[in-house]
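So you can see what is in the structure, the chains are spelled out below.
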Amino acid sequence: MEVSQQHLDIFQGIIDTYVNTTEFPIKDLWRQIDNNSLWLRLVGQVNVIGSASGNNRFISRQDLQQQLNFNALDALNDYDLQYVINHAIRAAGVRYASANLEKCGKSKALVHNYRFIASYHNGMKGMMDEIANYKGDTAELERILFLTEHFKFIKNKSARDFLMSLGMNTKNIAIDIRIQNIFSHLGLKLPDASKLNNKKIYEDAENEIINKICTPLKIAPVYFDRILFQNYTEIIQFIK
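Let me sum up the structure you'll find in this document.

Thresholds, definitions, all that
- Residues numbered from 1 in each chain as written.
- Predicted model: local features only at pLDDT ≥ 70, side-chain atom pairs only at ≥ 80, totals over all residues.
- Heavy atoms only, no water.
- Buried < 20%, exposed > 50% of the residue type's maximum accessible area, 1.4 Å probe, protein only.
- Helix = DSSP H or I, 4+ residues; strand = E, 2+ residues; numbered from the N terminus.
- Arc of directions from axis to C-beta.
- Contact = heavy atoms within 4.5 Å.
- Core = buried A, V, L, I, M, F, W, Y, C linked by side-chain atoms within 4.5 Å.
- Expected span 1.5 Å × (residues − 1).
- Polar contact = N/O pair within 3.5 Å; in protein donor to acceptor, adjacent residues only side chain to side chain.

Comments concerning helix H14 (residues 232-239)
Here is step 1 of the chain: Among the residues making up H14, those that are buried are Ile235, Ile236 and Ile239. The arc enclosing the buried residues of H14, seen along the axis, measures out at 100 degrees, which places them on a common side. With respect to the buried face of H14, the exposed residues turned more than 90 degrees away are Thr233 and Gln237.
Here is step 2 of the chain: Buried residues belonging to H14 abut helix H1 (5-18), helix H10 (177-185) and helix H13 (221-230).

Regarding the nonpolar core
Here is step 1 of the chain: Ranked by internal contacts, the top residues of the largest apolar core, which has 43 residues, are Trp39, Met127, Met128 and Leu147.
Here is step 2 of the chain: Elements supplying a minimum of two residues to this core: helix H2 (35-47), helix H5 (78-91), helix H6 (105-118), helix H7 (123-132), helix H8 (139-150) and helix H9 (156-165).
Here is step 3 of the chain: It is H2 that provides the largest number of residues to this core, a total of six residues.
Here is step 4 of the chain: Residues Ile15, Ile179, Leu186 and Ile219 belong to the second largest nonpolar core, which totals 29 residues.

A word on H5
Here is step 1 of the chain: The end-to-end C-alpha separation of H5 is 20 Å, in line with the 20 Å expected for 14 residues at 1.5 Å each.
Here is step 2 of the chain: Of all the residues in H5, the buried ones are Leu81, Gln82, Ile85, Asn86, Ala88 and Ile89. In a view along the axis of H5, the buried residues occupy a sector of 165 degrees, so they form one face of it.
Here is step 3 of the chain: Where the residues of H5 are buried, they touch H2, helix H4 (62-67) and H6.
Here is step 4 of the chain: The backbone nitrogen of Tyr79 lies 3.2 Å from a side-chain oxygen of the residue at the head of H5, namely Asn77.

Set out below in structure tokens:
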């Protein structure tokens, strides 16, 4: 990816325009959030795959969130757990949530994810405590690897988004269709979604963005990511 001074000037203009109106993650926000809310955020990362609109409906309905309360699910066997999860996400119109339990990959994935989390003392809080203790230059990538290895439907982009939104990781970029479109409008090519499923390809693309844009412009990757994501529609108009 060849990033010119003109590209840097455009990105600097975008940053200057939107930095004061963008909401950035609070450092260590996850410590301020209860176990159930952390679980529901993870549910949201699975819900948004394919379309964010279903998850927007899910988070707007307290009744559906209550059905998936972390503690309330504990007594259910796997079949009943999947049934309850499937009912809740289908009621929200989550994409790829099939009425056929055998074919519903998302509800199956959430059963798996719930069981893994429940194996920790204090659930999500216990798991987050563990990965927060990772140290060194590779700590953030190790957290991402932990999530992608142990959770179903949580891939390179969603793992980063989850950790950044909770104020744990700051040196990542959640490369999605919005960021790809912005870069494409500027003549900067990023790998397509299928290629970004590959860990190395994703990390290489992320490092290019960080080294060629974030570092020269002296902006934390998480800030750059949030500016592009939250102001996407206006930015597309800005750069046309």
